[in-house]
Amino acid sequence: MIEEKDLTSLSVLAALDLPEQRIRAVLENFRRIQQVAQVVNAVELGPEDEIGPEWRP
Amino acid sequence: MEAVEQALAAIRAKDGGINAFTAVFEERARATARTAKGPLRGVPFAVKNLFDVKGIATLAGSKINRDLPPAARDSPLIERLEAAGAVLVGALNMDEYAYGFSTENTHYGPTRNPHNPAHVAGGSSGGSGAAVAAGMVPLALGSDTNGSIRVPASFCGIWGLKPTFGRLTREGSFPFVNALDHLGPLAANLDLLAASYDVMQDGEPVAGLKGIEGLRIGRATGYFEENAEPEVYELTRKVADRFKAVPVEIPEAARGRAAAFVITASESGQLHLPNLRKRPQDFEPLIVDRLMAGALMPAAWYLQAQRVRRWYYRQVMKLFETVDVILAPATPRPAQKIGQEMFTIRGKEMLARPNAGLLTQPISCIGLPVICAPVGKVEGLPVGMQIIAAPWREDNCFRVARALA
């Protein structure tokens, strides 16, 4: 899971100052997203799943 | 005119205890009512405050948007309803920027559930659900990105429709997640749900549709059973048994939900990044950390989630070769209490606010049309059932709903 220093680096890249009092809560939220993203990233996809210009059902 | 006056009186009498409305347009409503004509003549309605209403800033539940200029015109969906005779009477409370399932809004106060004011009304269209359930208006408009029409409809015991992605224009509404946003109606009864949808859509009318002969109906098991309290699932099972529905499993619903979660986090974070940089202190405290985290997410995760969504869609479409309609509970539980952080589902403790949408997110992720129908009460509070059809087949949702109403 991402550590505080990694999150701080990302925030520098995004030009987003993380207020000191928010860092812990943002980190918790990021880790939750990371956990869910791992589920998504584990899906094996084929060329038919490539994204088109705009998604429509 | 009489119905509009009754609505205005009901808002005055009841809204102090519910907090569904953020604005009431008495003068405008009376003026519109005087000349109203059409199939919805004199029907009072209200809109979630992310719809543009001419002359006022579109708040979308936020403090920040108070600084926006007033909307130059009404949202096209308001225009369509008013062209059919309906009368706009007010704007409704919501979770800030639609990011939530509870309408516990720090800036405007929580909206209370008319069935028990200690409980939430659901969200993010909580004002819409509560205003209808309290009998202040019979019709409201809401938006649904991950369940924001269906969760309040379920918690408030009313009807809600999330049409197919792309069916109703989103022009004149404040966005949340471009890839997932839908608009739709919530109503006190099915007739009004159908009539209002018909005046907003361009397809074949659904009002008056009935008969489920030939429809193949399924009951969602697996993920949808495991993530609902037994008493809640039982209500869906009872309805399904009446229709002789066959058990079916919506494939990969958990991973579909995960994709929706990632897409939502990324797009909403990016949408608000300029204000997160400039004025983070003005955001809703309940969402600002989520928005910041989403804004920092790698693009690779977002793009993978979009691919997974397509992969998931293809699998669900195969299921629609064997059934036309799928029934599933709308929420895992009835409404939690205002301020409640955690709840349990089948003994498993989890965060209450994000998980109220556990059962709606896998459906909106791929844009399927859904009606949320009231099917009973658990612990004295209402819960709803999703009537889900293949894309563009709202007619099938309405046929099944009619057999229930």
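Quick caveat, the model's predicted, so the values are computed rather than measured.

Student: An account of the overall build of chain B is requested, with residue identities and associated values reported.
Tutor: From N to C terminus, chain B includes 15 helices and 17 strands. If you line up chain B on its principal axes, its C-alpha atoms span 50 × 50 × 40 Å. Burial statistics for chain B: of 405 residues in total, 60% are counted as buried. Summarising the internal contacts of chain B: among those between residues at least 6 apart in sequence, 76% fall at separations of at least 24.

Student: Go over the overall build of chain A, please, and point to the residues and values.
Tutor: A tally of helices and strands in chain A yields two helices and zero strands. Looking at chain A as a whole, 16% of its 57 residues are labelled buried.

Student: Account for the environment of Asp15(B), naming residues and giving values.
Tutor: Residue and element names in this part refer to chain B. Mapping aspartate 15 onto the fold places it in helix α1 (residues 2-18). Residue aspartate 15 is classed as buried on the basis of its 20 C-beta neighbours within 10 Å. As a C-alpha pair, aspartate 15 and alanine 299 span 284 residues in sequence and 43 Å in three-dimensional space.

Student: Account for the environment of Leu10(A), with residues named and values stated.
Tutor: Within the secondary structure, Leu10(A) is located in helix α1 (residues 4-13). For the pair formed by Leu10(A) and Phe30(A), sequence separation is 20 residues and the distance between their alpha carbons is 11 Å.

Student: Quick one: what's the story with the interface of chain A and chain B, residue by residue and with numbers?
Tutor: Where the parts come together, the accessible area they lose is often given as the size of the interface. Contacts between chain A and chain B engage 27 residues on the former and 36 residues on the latter. For the side of chain A that touches chain B, the elements supplying multiple residues, two or more each, are α1 and α2 (23-41) of chain A. Top element by residues in the side of chain A that touches chain B is α2(A). It accounts for ten residues. By residue class, the composition of the side of chain A that touches chain B is 20 nonpolar, three polar and four charged.

Student: Tell me about the pairing of strand β15 (residues 348-351) of chain B, and please be specific about residues and values.
Tutor: All names here are of chain B. Two strands pair when backbone bridges link them, and strand β14 (residues 342-345) and β15 are joined in this way by four bridges, in the antiparallel orientation. In the strand pairing of β15, phenylalanine 343 is matched with methionine 350. Counting the residues between successive antiparallel strands, the hairpin from β14 to β15 contains two residues, one of them, arginine 346, with a positive phi of roughly 50°.

Student: I'd love a proper account of α1(B), names of residues and values included.
Tutor: All names here are of chain B. For α1, which comprises 17 residues, the first-to-last C-alpha distance of 23 Å matches the rise-based estimate of 24 Å (1.5 Å per residue) to within 8%. The largest bend in α1 comes to about 40°, at arginine 12. What α1 keeps buried is the set Val4, Ala7, Leu8, Ile11, Asp15 and Ile18. Trailing α1 by a residue or two, asparagine 19 shows a phi angle of about 65°, which is positive.

Student: Help me get a handle on unusual backbone geometry, residues and values and all.
Tutor: Residues and elements named next belong to chain B. Across the junction of glycine 123 and serine 124, the peptide omega takes the value 10°, indicating a cis bond. One can find serine 124 in the loop between β7 (116-120) and α4 (126-133). Of note in this structure, alanine 98 is not a glycine but carries a positive phi near 70°. Inspection of the secondary structure puts alanine 98 in the loop between β3 (87-92) and β4 (104-105). Residues other than glycine seldom take positive phi values, yet tryptophan 392 does so here, at roughly 70°. Assessed through the 17 C-beta atoms surrounding it within 10 Å, tryptophan 392 is described here as partly exposed.

Student: Requested: an account of the packing of helix α9 (residues 253-271) of chain B against helix α12 (residues 299-319) of chain B, with residues and values cited.
Tutor: All names here are of chain B. Packing of α9 against α12 brings their axes to within 9 Å, and their N-to-C directions diverge by 145°. Classified by chirality, the crossing of α12 by α9 is left-handed. Note on element contacts: α12 touches α9 through Trp301, Tyr302, Ala305, Gln306, Val308, Arg309 and Tyr312, opposite Arg255, Gly256, Ala259, Val262, Ile263 and Ser266. Here the contact of α9 with α12 is composed, by residue class, of eight nonpolar, three polar and two charged.

Student: For the domain arrangement of chain B, give the residues involved together with the corresponding values.
Tutor: Residue and element names in this part refer to chain B. What the domain assignment lists for chain B is domain 1 (2-200) and domain 2 (217-404). Computed from C-alpha atoms alone, the centre-to-centre distance between domain 1 and domain 2 is 21 Å. Facing 49 residues of domain 1, the contacting portion of domain 2 comprises 50 residues. Those elements that provide at least two residues to the side of domain 1 that touches domain 2 are β4, β7, α5 (150-156), β9 (159-162) and α6 (190-200).

Student: Could you give an account of the nonpolar core, naming the residues involved and the relevant values?
Tutor: A general feature of soluble globular proteins is that nonpolar side chains tend to end up buried together. Residues and elements named next belong to chain B. Counting 146 residues, the largest nonpolar core has Ala46, Val89, Ala131, Ala140, Val262, Leu327 and Ile387 as its most contacted members. At eight residues, α9 tops the list of elements feeding residues into this core. Viewed by domain, this core spans two of them, domain 1 (2-200) and domain 2 (217-404), each represented by three or more residues. Once residues lying within four places of it in the same chain are set aside, the contact partners of alanine 131 are Ala20, Phe21, Ala46, Leu92, Met136, Val137 and Ala140.

Student: Could you give an account of the confidence of the model for chain B, naming the residues involved and the relevant values?
Tutor: Taken as a whole, chain B shows an average pLDDT of 98; of its residues, 100% reach a score of 70 or greater. Listed scores for the predicted complex are pTM 0.98 and ipTM 0.93.

Student: Describe in detail the sheet that holds strand β8 (residues 139-144) of chain B, supporting the description with residues and values.
Tutor: All names here are of chain B. One open sheet holds the eleven strands; their spatial order is β1-β3-β2-β8-β10-β9-β16-β17-β13-β11-β12, and the pairing between them is mixed. Sheet topology places β1 (21-24) and β12 (246-248) at the edges, where each strand pairs with a single neighbour. Averaged over all pairs of adjacent strands, the angle between their axes in this sheet comes to 30°, without regard to strand direction. Pairing of strand β11 (residues 217-220) with β12, which is carried by three bridges, proceeds in the parallel orientation. Each residue of the ladder has a partner; that of arginine 219, found in β12, is proline 247. Across the sheet, helix α2 (residues 26-35) lies against β1 and β3, angled at about 155° from β3, the strand it touches most.

How each quantity is defined
Residues numbered from 1 in each chain as written. Chains lettered and ligands numbered in written order. Predicted model: local features only at pLDDT ≥ 70, side-chain atom pairs only at ≥ 80, totals over all residues. Helix = DSSP H or I, 4+ residues; strand = E, 2+ residues; numbered from the N terminus. Buried ≥ 20, exposed ≤ 12 C-beta atoms within 10 Å, placed from the backbone. Contact = placed C-beta atoms within 7 Å. Nonpolar A, V, L, I, M, F, W, Y, C, P; charged D, E, K, R; others polar. Pairing = 2+ DSSP bridges. Expected span 1.5 Å × (residues − 1). Bend = angle between axes of the 7 residues up to and from the residue. Axes fitted to C-alpha atoms, helices over the stretch in contact; angles between N-to-C directions. Left-handed = near helix turned anticlockwise from the far one by under 90°. Domains from an automatic or database assignment. Core = buried A, V, L, I, M, F, W, Y, C linked by C-beta atoms within 7 Å. pLDDT = per-residue confidence, 0-100.

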